[in-house]
Amino acid sequence: QAGPADGPLVILLHGFPEFWYGWRGQIAALAEAGFCVWAPDQRGYNRSDKPHGLDAYRLDTLAADVVGLIDAAGRERAHIVGHDWGAAVTWRVANRYPQRVATASTLNVPHPLVMAKYIQSHPSQMLRSFYIGFFQIPTLPERLLGVDNWQPMVEAMRSTAPRGLFPDDLMRAYREAWSQPGAMTTMLNWYRAFVQRPPSWSPSPRVKPPLLLLWGTRDTALERELAPLSLELCDHGRLHYI
């Protein structure tokens, strides 16, 4: 938490395989701009609770966690910002709880329904998302990713970023977060629950609050065509390519 207690509330939702620390560059800037900033470890990550079973990681449950944070802050609404899995949660909060969202901002993640449909008809995206299928296997991914004190995880993060962005001293914090008891299984359960416990988008998948979709065009995991398709489901959407 940072910033003035009476400032507009902004909740920063990290993705996989990060934790609250991934927002370290934004927290101070937002606080200085007058926002009351909350950057939680989401369910299953780092030091947050790690309930067992896939049902605990359904997208609707994760969205309800965010509403719980807004309630805990004593607020009616918040600005929700999400990256990666945090963006998927942001989409769902804006869809299911529009009255609780002042604005939504998502970084490089499409509307989850768009993703689910797109991957079925685009083999190129299916190839990019092969790791999601691998993560469905029980136990094995955790064991392989944990080799040599999580070195495969470190290399995976570095492979998607400019050289030098994840130096060894920074990665010590990530290794500690991944080493929390049971953390890697509960982190991977987000992927497993999305595939094996998919959300329902009835009665409507549309997003009513203002939403900004930021999209880096060199993303190695997601095709840029997913962005405009997602914007079609927004009443007040704006897309900005980087």
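Above this text you will find the structure in question.
Keep in mind the model is a prediction, meaning the values are calculated, not measured.

Engineer: Just checking my understanding: could you explain the overall build of the protein for this structure?
Structural biologist: Helix and strand counts for the protein stand at 11 helices and six strands. Taking the principal axes of the C-alpha coordinates as reference, the protein spans close to 45 × 40 × 35 Å. In the protein, the proportion of contacts linking residues at least 24 apart, taken out of those at least 6 apart, comes to 74%. The protein carries 24 positive and 22 negative side-chain charges, and their two centres are separated by 3 Å.

Engineer: Is there a simple way to explain the sheet that holds strand β3 (residues 78–83) in this structure?
Structural biologist: Adjacent strands of a sheet pair through backbone hydrogen bonds, lying either parallel or antiparallel. Spatial ordering of the open sheet is given by β2-β1-β3-β4-β5-β6, a layout of six strands whose pairing is parallel. In the strand order of this sheet, the two ends are held by β2 (36–38) and β6 (237–241), each with one partner. Averaged over all pairs of adjacent strands, the angle between strand axes in this sheet comes to 15 degrees, irrespective of strand direction. As paired elements, strand β4 (residues 101–107) and strand β5 (residues 211–215) share four bridges and run parallel to each other. Residue pairing across strands places Ala 104 opposite Leu 211, the latter belonging to β5. Relative to the sheet, helix α3 (residues 85–96) contacts β1 (9–13), β3, β4 and β5, its axis offset from that of β4 by approximately 150 degrees.

Engineer: Quick question: what am I supposed to make of the pattern of salt bridges here?
Structural biologist: Pairing is possible between side chains that carry opposite charge, provided their charged atoms lie close to one another. The tally for this structure, following the rule as stated, stands at 12 salt bridges. For the salt bridge of Arg 58 with Asp 55, the shortest nitrogen-to-oxygen distance reads 3.3 Å. Residue Arg 58 is classed as partly exposed on the basis of its relative accessible area of 32%. For Asp 55, a relative accessible area of 43% puts it in the partly exposed group. Two residues, Arg 158 and Glu 155, come together in a salt bridge whose shortest N-O distance is 4.0 Å. Pair noted here: Arg 158 and Glu 155 are both in helix α8 (residues 147–159), with a separation of three residues, about one helical turn. Accessibility expressed as a relative area gives 28% for Arg 158, which makes it partly exposed. Salt bridges sharing partners connect three or more residues here, namely Asp 55, Arg 58 and Arg 197.

Engineer: What is the right way to look at a nonpolar patch on the surface in this model?
Structural biologist: A contiguous nonpolar surface patch, about 230 Å² in accessible area, is contributed by Ile 137, Leu 140 and Leu 144. Along the chain, the position of Ile 137 falls in the loop between α6 (130–134) and α7 (140–145).

So, how was this worked out
Residues numbered from 1 in each chain as written. Predicted model: local features only at pLDDT ≥ 70, side-chain atom pairs only at ≥ 80, totals over all residues. Heavy atoms only, no water. Helix = DSSP H or I, 4+ residues; strand = E, 2+ residues; numbered from the N terminus. Contact = heavy atoms within 4.5 Å. Lys, Arg positive; Asp, Glu negative; His and termini not counted. Charge placed at Lys NZ, Arg CZ, Asp CG, Glu CD. Pairing = 2+ DSSP bridges. Axes fitted to C-alpha atoms, helices over the stretch in contact; angles between N-to-C directions. Salt bridge = Lys/Arg side-chain N within 4 Å of Asp/Glu carboxyl O. Buried < 20%, exposed > 50% of the residue type's maximum accessible area, 1.4 Å probe, protein only. Patch = residues over 30% accessible without salt bridge, like charges linked within 9 Å, V, L, I, M, F, W, Y side chains within 5 Å. Areas by Shrake-Rupley, 256 points an atom, 1.4 Å probe, with all protein chains shown as cover.

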